[in-house]
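# Breakdown of the fold
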Amino acid sequence: MADPTEEQLNPADVYARELTAFAEALHVLHVDRGSPSYRAISAAAETAGRVPLSSSAISEAFSGKRLPSLDFTLELVRQLVGHDHEVREQWREKWKRVKLCQRQSVVRRKQSKPQHDTGHSTQRDLPDSGNEALTTARLEAERIVQAAQAEAESIIESARIRADELTAAATQMLLDATERGTIPVAEQLRLREHSRIVLVGPPGSGKGTQAPFLSKLLEVPLIHVAELYRSNVAGRTAVGKKVYDYMNRGELVPDEVTLEMLADRLHAPDTQHGFILDGLPRNLSQAVGVDDLLASTSESIEAALNFDISRDESFKRVIGRRVCKNDSSHRAHVTYATPQKYGRCDVCGGPLYTREDDSRHVIAKRWEVWKYQTEPVVQKYGAEGRLVTVSGIGTVSGVTERALTALNAYFG
Ligand SMILES: [Zn+2]
């Protein structure tokens, strides 16, 4: 084509550009269904094979994990040219996000290229208004990428909840076996009037595993934020409806809505002696929000419990996880629970695999989000003298005892 930079772009760039053009065409399509672009797109849609638009494929496209295929895109077009105005409107909103994610990745690639540039730089050739538009698009894209990251996080969290449920069952068995109250430190801690504790460990630190143990031993409820989302949406509460609307539009649930859910939960009588809070705060503004919320009833987070674990160890733990194809409750770990027979489930002999959530790039992303957004929260609690850090290394019960001992020492 006439564009001189065209040959210098790699296939991914060309693809992203095509998608951007496609999105522009979609926009035209939306405002004017009778335009030639509509007919051209419609013709292309006719000839392409149909693909199912599964919610996971959509979410992968939005989170930037995977470029949507052309067929996928065309299927979106089919839905867009349908007669349901509401569906068209929804897709238009969603598509904007895909488009901006694409742009963002193009911009990132361009920025990461070394500076021996050709002088054909697209950015330089743009008139001022073009540069402005690019900056706006970039800022908007950054916001959306963050929202998409949070969405991916919440998907991962729901998977963690499933794991937590399994752990809770195991916890009960362990508690029955050891008999409640045999751990004297826990007994000591239960004498306190209240224990309001937040868990802040990095991904893979085992805080999700520890949470139900601590909750049971301290006899305070476990409040997991992803579970709050789930129960409010499922229960169709007023705030749950808001959450559903945001999620449905592919938007990040605003902090004030999350805090509203937390406030509702804290009104329940079972929190009178405290709680274990998991999954919140994830960033500094949420930490301030939680503090303000509790301060409104003259309460506060008394301790932030941090399970210290190195990045290396975290990766080793998460990436080593294996799940049985036959039954997801059959678990193994290449280092910590090595299967008897390589690649085979000890329980039923089924093939073991690595879940997408446990892949290297997902854990790398989660770690990065934690490092830049959540670690400052840990530092804040530290600066305020509310941080209790214990090593997250060792057996589950070993870490539980270590945590209880540290809390007991901290509370004095
Ligand atoms: Zn199995």
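Coordinates for the structure precede this section.
Residues numbered from 1 in each chain as written. Predicted model: local features only at pLDDT ≥ 70, side-chain atom pairs only at ≥ 80, totals over all residues. Heavy atoms only, no water.

## Structural notes on the side chain of Lys207
If you trace the backbone, Lys207 turns up in helix H9 (residues 207–218). Exposure remark for Lys207: the relative accessible area of 16% places this residue in the buried category. A distance of 2.5 Å separates polar atoms of two side chains, one belonging to Lys207 and the other to Asp278. Those residues within four positions of Lys207 in sequence are excluded, and the remaining contacts are Leu199, Val200, Gly201, Asp278, Gly279 and Phe307. (Helix = DSSP H or I, 4+ residues; strand = E, 2+ residues; numbered from the N terminus. Buried < 20%, exposed > 50% of the residue type's maximum accessible area, 1.4 Å probe, protein only. Polar contact = N/O pair within 3.5 Å; in protein donor to acceptor, adjacent residues only side chain to side chain. Contact = heavy atoms within 4.5 Å.)

## As for the sheet that holds strand S5 (residues 321–324)
Pairing is antiparallel in the open sheet, where three strands are placed in the order S6-S5-S7. A strand with exactly one partner marks an edge of an open sheet, and here the two such strands are strand S6 (331–333) and strand S7 (352–353). Sheet topology note: the S5/S6 ladder contains three bridges and is antiparallel. In the sheet register, Arg322 faces S6, and the bridge partner there is Ala332. Lying on the sheet, helix H14 (residues 311–319) is in contact with S5 and S6; it crosses S5 at an angle near 10°. (Pairing = 2+ DSSP bridges. Axes fitted to C-alpha atoms, helices over the stretch in contact; angles between N-to-C directions.)

## Considerations on the coordination of the zinc ion
Reference values for angles at a metal are 109.5 degrees in the four-donor tetrahedral case and 90 or 180 degrees in the six-donor octahedral case. The coordination sphere of the zinc ion contains the protein donors Cys324 (SG), His330 (ND1), Cys345 (SG) and Cys348 (SG), at a distance range of 2.1 to 2.4 Å. Counting residues between consecutive donors of the zinc ion along the chain gives the motif C-x5-H-x14-C-x2-C. In terms of burial, Cys324 and His330 fall into one category: buried. (Donors = N, O, S within 2.8 Å, 3.2 Å for Na, K, Ca; no water.)

## Some points on unusual backbone geometry
Of the consecutive residues Leu280 and Pro281, the connecting peptide bond is found in the cis state with omega at -5°. Within the fold, Pro281 resides in the loop between strand S3 (274–278) and helix H13 (284–295).

## Side note on the packing of helix H10 (residues 225–234) against helix H11 (residues 238–248)
It is the contact of H10 with H11, at a shortest axis distance of 7 Å, that shows an interaxial angle of 105°. Taken together, the axes of H10 and H11 lie roughly perpendicular to each other. Of the residues in H11, those touching H10 at Tyr229, Asn232 and Val233 are Val239, Gly240, Val243, Tyr244 and Met247. Classifying every residue of the contact of H10 with H11 gives six nonpolar, two polar and no charged. (Parallel < 35°, antiparallel > 145°, perpendicular 65-115°, else oblique. Nonpolar A, V, L, I, M, F, W, Y, C, P; charged D, E, K, R; others polar.)

## Description of the sheet that holds strand S4 (residues 303–308)
The strand order across the open sheet formed by five strands is S2-S3-S1-S4-S8, and the pairing between neighbours is parallel. Either end of the sheet is taken by a strand with one partner, and the two such strands are strand S2 (222–224) and strand S8 (387–391). Between one strand and the next, the sheet's axes are offset by a mean angle of 25°, whatever the strand orientation. Here S2 runs beside S3; their pairing, made up of three bridges, is parallel. Across the sheet, the residue bridging to Ile223 is Leu277, located in S3.

## Quick word on the nonpolar core
Formed by 28 residues in total, the largest nonpolar core has its most connected members in Leu262, Leu277, Val290 and Tyr381. For this core, the secondary-structure elements that each account for two or more residues are H10, H11, helix H12 (255–266), S3, H13 and helix H15 (360–383). Top element by residues in this core is H12. It accounts for six residues. Among the nonpolar cores identified, the runner-up in size contains 21 residues, and Ile276, Val388, Leu404 and Ala406 belong to it. (Core = buried A, V, L, I, M, F, W, Y, C linked by side-chain atoms within 4.5 Å.)

## Topic: H14
Of the positions making up H14, those classed as buried are Glu313, Ser314, Phe315, Arg317, Val318 and Ile319. Residues of H14 that are buried in the fold lie against S5, S6 and H15.

## A few points about the pairing of S4
The buried fraction of S4 is high, at five of six residues. Both strand S1 (residues 195–199) and S4 contribute to a ladder of three bridges, which runs parallel. What sits directly across from Leu199, in S4, is Leu305. Here S4 pairs with S8 via five bridges, running parallel.

## Digging into the packing of H13 against H15
Two elements in contact, H13 and H15, have axes whose closest approach is 8 Å; the angle formed by their N-to-C orientations is 45°. When the axis of H13 is compared with that of H15, the two are oblique. Where H13 abuts H15, its residues Leu284, Ala287, Val288 and Asp291 lie against Gln373, Pro376, Val377, Lys380 and Tyr381.

## Some remarks on H15
What sets the pattern is the α-helix's 3.6 residues per turn: residues three or four places apart point alike. Counted at 1.5 Å a residue, the expected span for H15 with its 24 residues is 34 Å, and the 32 Å between its end C-alpha atoms agrees. At Thr374, H15 shows its largest kink, close to 45°, and the proline Pro376 lies no more than four residues downstream. Considered for burial, the residues of H15 that qualify are Val362, Ile363, Arg366, Trp367, Val369, Trp370, Thr374, Val377, Val378, Lys380 and Tyr381. Immediately downstream of H15, the backbone of Gly385 shows phi near 70°, a positive value. (Expected span 1.5 Å × (residues − 1). Bend = angle between axes of the 7 residues up to and from the residue.)

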